[in-house]
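# Results of the structural survey
One letter stands for each residue in the lines below.
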Amino acid sequence: MSGAAAMQTMSPPGDAGGPRSARPVRMTPARWGLYAFLAITAAFFLLPLWVMVVTSLKTMNEIRLGAIIAPPLAPTLEAWAKAWSSACTGLACDGIRVGFWNSVKILVPSVFISILVGSMTGYALSFWRVPGANVLFTAMMIVAFIPYQVFIYPLVRVFAFIGLGQSIATIVIVHTIFGLPTMTLLFRNYFSSLPIELFKAARIDGASFYQIFFRIMMPMATPMIVVAVILQVTGIWNDFILGLVFAGRENLPMTVQLNNIVASVQGEREYNVDMAATMLTALLPLVVYFGSGRWFVRGIAAGAVKG
Amino acid sequence: MSLQSEVDIRDVSVRFGNVQVLEKLNLKIAPSEFIVLLGPSGCGKSTLLNAIAGLLDVSDGQMWIGGRNVTWEEPKDRGIAMVFQSYALYPRMSVKKNMSFGLEVAGTPRAEIEARVAEAAQMLKLTPLLERKPAALSGGQRQRVAIGRALVRKVGVYLFDEPLSNLDAQLRAELRVEIKRLHARLGATMIYVTHDQIEALTLADRIAVMQGGVIQQLAAPKDIYRRPVNRFVASFVGSPAMNFIAGRVEAGLFFHAGDYRIPLAGYAFAGAPAAGAATLGIRPEHVLAGHEAGPDAIAAKVEMVEPMGADTLIWSRLPDGASLSIRHAADAAVREGDTLPVSFPADALSVFDDTPAGARL
Amino acid sequence: MASPRMSSRASAYSALLPAFIVLAVVYIGSTVWTMWMSLTGSRMLPNNNFVGLRNYEILFSNDRWITSVHNLAFFGVLFVAISLALGFLLAVAIDQKVRSEDSWRSVYLYPYSMSFVVTGLVWQWLLNPTLGIQKLVRDMGFETFTFDWIAHAETVLYCLVIAGVWHAAGLVMAIMLAGLRGVDEDIWKAARVDGLPTWRVYASVVTPMLGASFATAGVLLSTSVVRLYDLSVAMTRGGPGIASEVPAKFVMDHLFERANISLATAAATSMLITVIAVVAPYMYWRTRVAARGRA
Ligand SMILES: Nc1ncnc2c1ncn2[C@@H]1O[C@H](COP(=O)(O)OP(=O)(O)OP(=O)(O)O)[C@@H](O)[C@H]1O
Ligand SMILES: [Mg+2]
């Protein structure tokens, strides 16, 4: 019984003696106001998604004539097809699929490696009291707040120096670097919540550092791995600035390509194609979000509670 | 301060969805009576208390407090105050503010608030702590503040939901005495939920033993202990638990089990004694053993001896295989494997019929 | 001969090796290098000609930088305040045992799963006077309705705020709701017995208990304020004119388009100092709270 009950129970006078008085009414004016507030804000939050979807299903003719929120008269996937395979970014007209596949190529190794490195770091920091660990952890927690602009240029020079330049490998390493604080924190907190006896028992059984990690800890950390995957998939997919700087012209991720498609106007602007491209770019995070339900919230909460 | 209210619960039912938690429950509590609700976890004690407080809606029935039908009144208008197991103090307010806040919101005059807070604080030895935040108090002090917050409301009925169960044994004993003293001083009606039998037996004027949303027995502590109305009450109250021996009542004179007989002459049957299958109950401390045992003693085989300090607990087995625990003087020289003569005084026995509920005969 | 203890310690260090490299090269190396560059006369390529604080003088007399900083402060205050307020109200509303709570929550939170680029583009269209909300309302018969904030330098920042709030309010809601759900139910019961009206319980009892939630949400929002880049790029490209420029964009443009490394790194260093000034007290407070919790 939280605030709810307090708000909804009115107090009709108790009648003395006679038959039972009626139960309190559930839908009070306050409840109506509450739902009105929820509905109006929901409309604000849903409007952009709705406009995106309906516009992407219309023809340019219909867009020019009709209202932006009107549902399409004759829904067509033409704009989606064009956005996918033949929309233009500056010179090339290969559609956003190029960016899509680039993003996939970046995403898969980045998610895997960043979680592997982050979980191992978190594990080493939670069970093994090694000198320097505290400095490392504190530095990570501070860096989680610092804007990328501080690091970007030196990193560009470092990658040029070691011969990687701008490439898939570079962007994967960069995502691992900037994912490290959150991933480490996530796993460190999780491992710290496990009973230390588990770890001690494994050591007495003679398991080595890496055996404990791969055989005992990681299998137990499945829920955290799910949370980490959700965080990293959405985070890396949605990244713009790092992909722009480190991926290289050939490997620009989908977000950058989307921005280029929308920015390059040749002749009349095709809003339906732009919206379809936007929808395509937003699709994966939306699927992850609606598919994962409460896990997404858990991920936010876990990533949010820094330190 | 002598506000006294009677509480009258008439046919109250509480349902959560299609789970019936309380069913047509009736309980009439006299002004300034101290009632303890006792029962296993999940039997509906908190539910009943919350229904009295108005914190949840009853599905059926009426609730009368101080002669008024308060079934649909807000908690604040019912003339009740409540103390919670988790203290439920407002964490960001000082002790003083915790106690005065409700009165301020109700628009009580400043001077009156001051007076009441000072009085409650003095009664509960909280005066030096008034400016502290709850986080800076010990568990016992927090619970005192929670009681203080209830006291300043100056109502006729105080409700306690396991107020002491988060405290350690010693503090619990101290606060128990304090609550008893408060009750004597205020003369208010108190309804008190607990799991702790000692609390129940020491505090209560009457105990209501509940099971499955039904009050099984409502009686003074002594009667609950000596004359439980059914097997559930008998087994739930008392530790170690009452011994039960299955057998038959014969002609109202003997209880026959295995190849021994226990005389029932002197047992106060509730009705006319009838022969038939039954269960005999006896508390460990009522068993007479060794040289105390009477002439027709039974030979019990001692299986284990547990010295408890003040006395000794003997676990034994009767000839028919029924187990029997005996509370005996500490200096008894009894060992495992000994044979111990035992007898059962008829006036300390309980006999239950063989219905599933096991009503007292 | 290494003892087992030594070998497991070596293993621990081997696992921490990537993190230590990142610490040395990125956290410390890059930061120091960026700071050092800001004190040199580097233009297209880095050099080591020490020029003292001259770049900072240039930076703080640069109109575009000053505008960027003002914009960020203006955006930041409005964005954080409105997101916190709206997110909190949504959390309180959802906490009233509303029907189909999960659906409401999903609706408010889904924008947070999308990128700033998508957010910026969508709102650019919606706020575009010739095709978005203004046209919609005019087509419904209100011929004189104007909602063209995005086209004017004085109002364009409000547009960024709208898009930002749309993106982040759900996050605040989720954090606050978790906080509200953590409040002991008995507190609500005690408040009802005390006769406190619901709003009063929220105002005087519950909200003060949510300090940690507010701090967490506030810090998260502030971090995204300082990082603000994609949204401005996708939505307004800094325009009209320089009316919606932001510091992060200033740095990026001067690094990669205007080839002025020293000015860019001076700007980046200024951002760094600002962030540290905000985060350090917060971190300090957190360790104090943690220490008190342990005591
Ligand atoms: N909100 C609810 N919805 C559904 N069932 C409930 C609800 N609250 C309580 N119950 C059920 O009602 C029964 C009685 O609960 P109640 O809290 O009154 O038990 P109790 O006697 O106080 O137990 P305890 O000693 O553990 O506090 C339990 O079976 C419980 O599961
Ligand atoms: Mg209970």
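Residues numbered from 1 in each chain as written. Chains lettered and ligands numbered in written order. Predicted model: local features only at pLDDT ≥ 70, side-chain atom pairs only at ≥ 80, totals over all residues. Heavy atoms only, no water.

All names here are of chain A. Parsing chain A into structural domains produces domain 1 (29-76) and domain 2 (97-303). The C-alpha-based centres of domain 1 and domain 2 are spaced at 33 Å. Across the boundary between the two partners, domain 1 contributes 11 residues, which contact 10 residues of domain 2. Among the residues domain 1 hides against domain 2, the three largest losses belong to M52, S56 and M60. Together they make up 57% of the total. Taken together, the links from domain 1 to domain 2 amount to one residue pair in polar contact (both at pLDDT 80 or more). Of all the elements, helix α2 (residues 29-56) adds the most residues to the side of domain 1 that touches domain 2, at six residues. Grouping the constituent residues of the side of domain 1 that touches domain 2 by class yields six nonpolar, three polar and two charged. (Domains from an automatic or database assignment. Contact = heavy atoms within 4.5 Å. Buried area = accessible area lost by both parts, 1.4 Å probe. Polar contact = N/O pair within 3.5 Å; in protein donor to acceptor, adjacent residues only side chain to side chain. Helix = DSSP H or I, 4+ residues; strand = E, 2+ residues; numbered from the N terminus. Nonpolar A, V, L, I, M, F, W, Y, C, P; charged D, E, K, R; others polar.)

Taken residue by residue, the interface counts 96 residues in chain A and 98 residues in chain C. Between chain A and chain C, the buried area comes to about 8700 Å², and carbon and sulfur atoms account for 75% of it. Inspection of the region where chain A meets chain C yields zero salt bridges. Counting across the interface, chain A meets chain C through 19 residue pairs in polar contact (both at pLDDT 80 or more). In terms of residue count, α2 of chain A provides more of the side of chain A that touches chain C than any other element does, 16 residues in total. Across the side of chain A that touches chain C, the residue classes tally to 73 nonpolar, 14 polar and nine charged. (Salt bridge = Lys/Arg side-chain N within 4 Å of Asp/Glu carboxyl O.)

This part is about the site of ligand 1. Residue and element names in this part refer to chain B. What surrounds ligand 1 is the set F16, V21, S41, G42, C43, G44, K45, S46, T47, E162 and H195. E162 places a side-chain nitrogen or oxygen 3.3 Å from an oxygen atom of ligand 1. With the chains in place, 57% of the 630 Å² that ligand 1 exposes on its own is no longer accessible. The leading source of residues in the shell around ligand 1 is helix α1 (residues 45-53), at three residues. Here the shell around ligand 1 is composed, by residue class, of three nonpolar, six polar and two charged. (Near = heavy atom within 4 Å. Areas by Shrake-Rupley, 256 points an atom, 1.4 Å probe, with all protein chains shown as cover.)

Residue and element names in this part refer to chain C. Enumeration according to the criterion identifies 29 salt bridges over all chains in this entry. A salt bridge links R181 to D95; the shortest N-O distance between them is 3.1 Å. Pair noted here: R181 is in helix α7 (residues 156-181) and D95 is in the loop between α3 (63-94) and α4 (101-109), with a separation of 86 residues, a long-range link. Judged by relative accessible area, D95 falls into the buried class, the value being 3%. (Buried < 20%, exposed > 50% of the residue type's maximum accessible area, 1.4 Å probe, protein only.)

Residue and element names in this part refer to chain A. All chains considered together, the criterion is met by one disulfide over all chains. Between the sulfur atoms of C88 and its disulfide mate C93 the distance is 1.8 Å. Handedness here is read from the sign of the S-S torsion; for C88 and C93, about 105°, the answer is right-handed. Looking at C93, the relative accessible area reads 35%, which means it is partly exposed. (Disulfide = S-S within 2.5 Å.)

This part is about the interface of chain B and chain C. Chain B puts 23 residues into the contact, and the matching count from chain C is 17 residues. Note on chain B versus chain C: buried area summed over both sides is about 1800 Å², and carbon and sulfur give 63% of it. The interface formed by chain B and chain C contains two salt bridges. Among the ionic pairs, D194 of chain C bridges to R153 of chain B, the shortest N-O distance being 3.8 Å. Counting only elements with at least two residues in the side of chain B that touches chain C, the list comes to β6 (80-83) and α2 (95-105) of chain B. Residue composition of the side of chain B that touches chain C, by class: 13 nonpolar, five polar and five charged.

Under the criterion given, the structure shown has 41 aromatic pairs over all chains. Arranged with centres 6.3 Å apart and planes meeting at 45°, the rings of F127 of chain A and F191 of chain A form a pair that is tilted. Separated by 64 residues along the polypeptide, F127 of chain A in helix α5 (residues 97-127) and F191 of chain A in helix α8 (residues 168-193) bring together distant segments of the chain. Ring geometry for W123 of chain C against W166 of chain C: centres 6.0 Å apart, planes inclined by 70°, an arrangement best described as edge-to-face. In this pair, W123 of chain C is assigned in helix α5 (residues 116-127) and W166 of chain C in helix α7, connecting sequence segments 43 residues apart. An identical accessibility class is assigned to W123 of chain C and W166 of chain C; each is buried. An aromatic cluster is built from Y123, F127, F187, Y190, F191, F199, F209, Y210, F213 and F214 of chain A, whose rings are joined through pairwise contacts. Directly above the aromatic system of F137 of chain A lies the positively charged group of R188 of chain A, at a separation of 3.9 Å from the ring centroid. One cation-aromatic arrangement involves R227 of chain C over Y148 of chain A; the distance from NZ or CZ to the ring centre is 4.6 Å. (Phe/Tyr/Trp six-rings, centres within 6.5 Å; stacked < 30°, edge-to-face > 60°. Lys NZ or Arg CZ within 6 Å of the ring centre and 35° of its normal.)

Accessible area lost during the coming together of the parts is what is often quoted as the interface size. Residue and element names in this part refer to chain B. Domain annotation of chain B identifies domain 1 (7-232) and domain 2 (241-353). Each of domain 1 and domain 2 has a C-alpha centre, and the two are 39 Å apart. Note on domain 1 versus domain 2: buried area summed over both sides is about 760 Å², and carbon and sulfur give 48% of it. Of all residues in domain 1, Y225, R226 and R231 bury the most surface against domain 2, accounting for 73% of the area lost on that side. Where domain 1 packs against domain 2, one counts zero salt bridges. Here domain 1 is connected to domain 2 by two residue pairs in polar contact (both at pLDDT 80 or more). In terms of residue count, helix α7 (residues 221-226) provides more of the side of domain 1 that touches domain 2 than any other element does, three residues in total.

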